[in-house]
Amino acid sequence: MRVLSLKSADGLDAVTLDTVAMPMPGPGEVRVALKAASLNHRELWITRGQYPGMQLPATLGCDGAGVIDAAGDGVDPARVGQEVVLYPGLDWGDDERFPAAAFGLLGMPGPGTIADAICVPAASAIAKPKHLDFASAAAVPLAALTAWRGLVTKAGLKAGEKLLVTGIGGGVATFALKFGVAMGAQVFVTSGSDETLAKARELGAAGTINYREEKWAKPLAQASGGIDVVFDGAPAGGYRNYGRALNMGARVVVYGSTGGHSFEVNAPELFLKNIQLIGTNVGNLAEFEAMMAFVEDKAIEPVIDCSFALSEAKDALAYLESSHGFGKVVIDIGANGQ
């Protein structure tokens, strides 16, 4: 079968499409014939050696959907033929609050989804929502799970609250917008592109702010009347602007460090308003199952930017690095090996 391999952390030049032996599922595992995968910026970081716990060589990709075509010992053989989407995590551990030290993801250190097939624990193969095709289902896992855990588990977002999502356009932020709207929140978003902000309004954003405008704190406060929850992947650039717009008891959830590893916080403002600063990353299997059920119940569909064939997967990574716009980049693996 074909796999998108990375043998050294030397950037995209080290990415190759290789042929390897078809894997066989072990006890408690299923093999999934993959129909589609999707990209995250994680794959780019891995190619540069900028990801913790690097283990190479590796097959890239942690998001995927397909059909179970083989079951290992201890797995109900009736599962063969099921259309599934894959939980991207491995070995979360016993504490639901945070991952164990051994936690990892598919696509390094685990097997990758940008391939013709993959073997995963049977519990990690979740029924694909009926309203999603394989490409759309493959665009969901990591980005949507990160948004779900941040908004639901960590922030406890409620209907009627005002949510700020920074850096709209990326996969995680876009799912946060969609989830927030579906939960009944008023969602405000930031971006450096007016075109992206217009697309966010089409998806239900109640208000938009271009962060290239200096001192956007006042327009945000005026438009929102105060923010209850922030979902932020780049606090180094944003916190100084939205900090004063936070309501009493606001929750600021940080899921990334784009733009810098540190940011200043006004301590009196923090404790006098009883603001919570919360870190989050990925999510456990139970959260993934709850998130997928919500996606199906609300008929939520991911925003897809464009699609590439498996044979063009390296080009897809280059596109993500240099030209990516709004939504997810999908790899169409298909049934005919193209």
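Above this text is the structure in question.
My aim in this report is to walk through the structure given alongside it, one point at a time.

Rules and cut-offs
Residues numbered from 1 in each chain as written. Predicted model: local features only at pLDDT ≥ 70, side-chain atom pairs only at ≥ 80, totals over all residues. Heavy atoms only, no water. Helix = DSSP H or I, 4+ residues; strand = E, 2+ residues; numbered from the N terminus. Rg over C-alpha atoms; globule rule 2.2 N^0.38 Å. Contact = heavy atoms within 4.5 Å. Areas by Shrake-Rupley, 256 points an atom, 1.4 Å probe, with all protein chains shown as cover. Lys, Arg positive; Asp, Glu negative; His and termini not counted. Charge placed at Lys NZ, Arg CZ, Asp CG, Glu CD. Pairing = 2+ DSSP bridges. Axes fitted to C-alpha atoms, helices over the stretch in contact; angles between N-to-C directions. Parallel < 35°, antiparallel > 145°, perpendicular 65-115°, else oblique. Left-handed = near helix turned anticlockwise from the far one by under 90°. Nonpolar A, V, L, I, M, F, W, Y, C, P; charged D, E, K, R; others polar.

Details of the overall build of the protein chain
Per the secondary structure count, the protein chain includes ten helices and 18 strands. Scaling as 2.2 N^0.38, a compact globule of 338 residues should have a C-alpha radius of gyration of about 20 Å, and the protein chain matches this with 20 Å. Its C-alpha atoms give the protein chain principal-axis dimensions of roughly 60 × 40 × 35 Å. Partitioning the intrachain contacts of the protein chain with sequence separation of at least 6 by distance along the chain shows that 70% fall at a separation of at least 24. If you sum the accessible surface of the protein chain, you get close to 14,300 Å²; carbon and sulfur atoms cover 51% of it. In the protein chain, 27 side chains carry a positive charge and 36 a negative one; their mean positions are 7 Å apart.

So, the sheet that holds strand β2 (residues 15–19)
Spatially, the three strands line up as an open sheet ordered β2-β1-β4, and their pairing is antiparallel. What marks the edges here is a single partner per strand, and that holds for β2 and β4 (58–59). Note that strand β1 (residues 2–6) and β2 share five bridges and pair antiparallel. Paired with S5 across the bridge in β2 is T16.

Brief notes about the packing of helix α3 (residues 141–154) against helix α4 (residues 171–182)
Each packed pair of helices is defined by two parameters, the angle between the axes and the distance between the axes. Where α3 contacts α4, the two axes come as close as 8 Å, and the packing angle between them is 55°. Compared by their axis directions, α3 and α4 come out oblique. Viewed along their axes, α3 and α4 form a crossing whose handedness is right-handed. On α4, the residues touching A143, A144, T146, A147, W148 and L151 of α3 are G171, V172, F175, A176, F179 and G180. Split into classes, the residues belonging to the contact of α3 with α4 amount to nine nonpolar, three polar and no charged.

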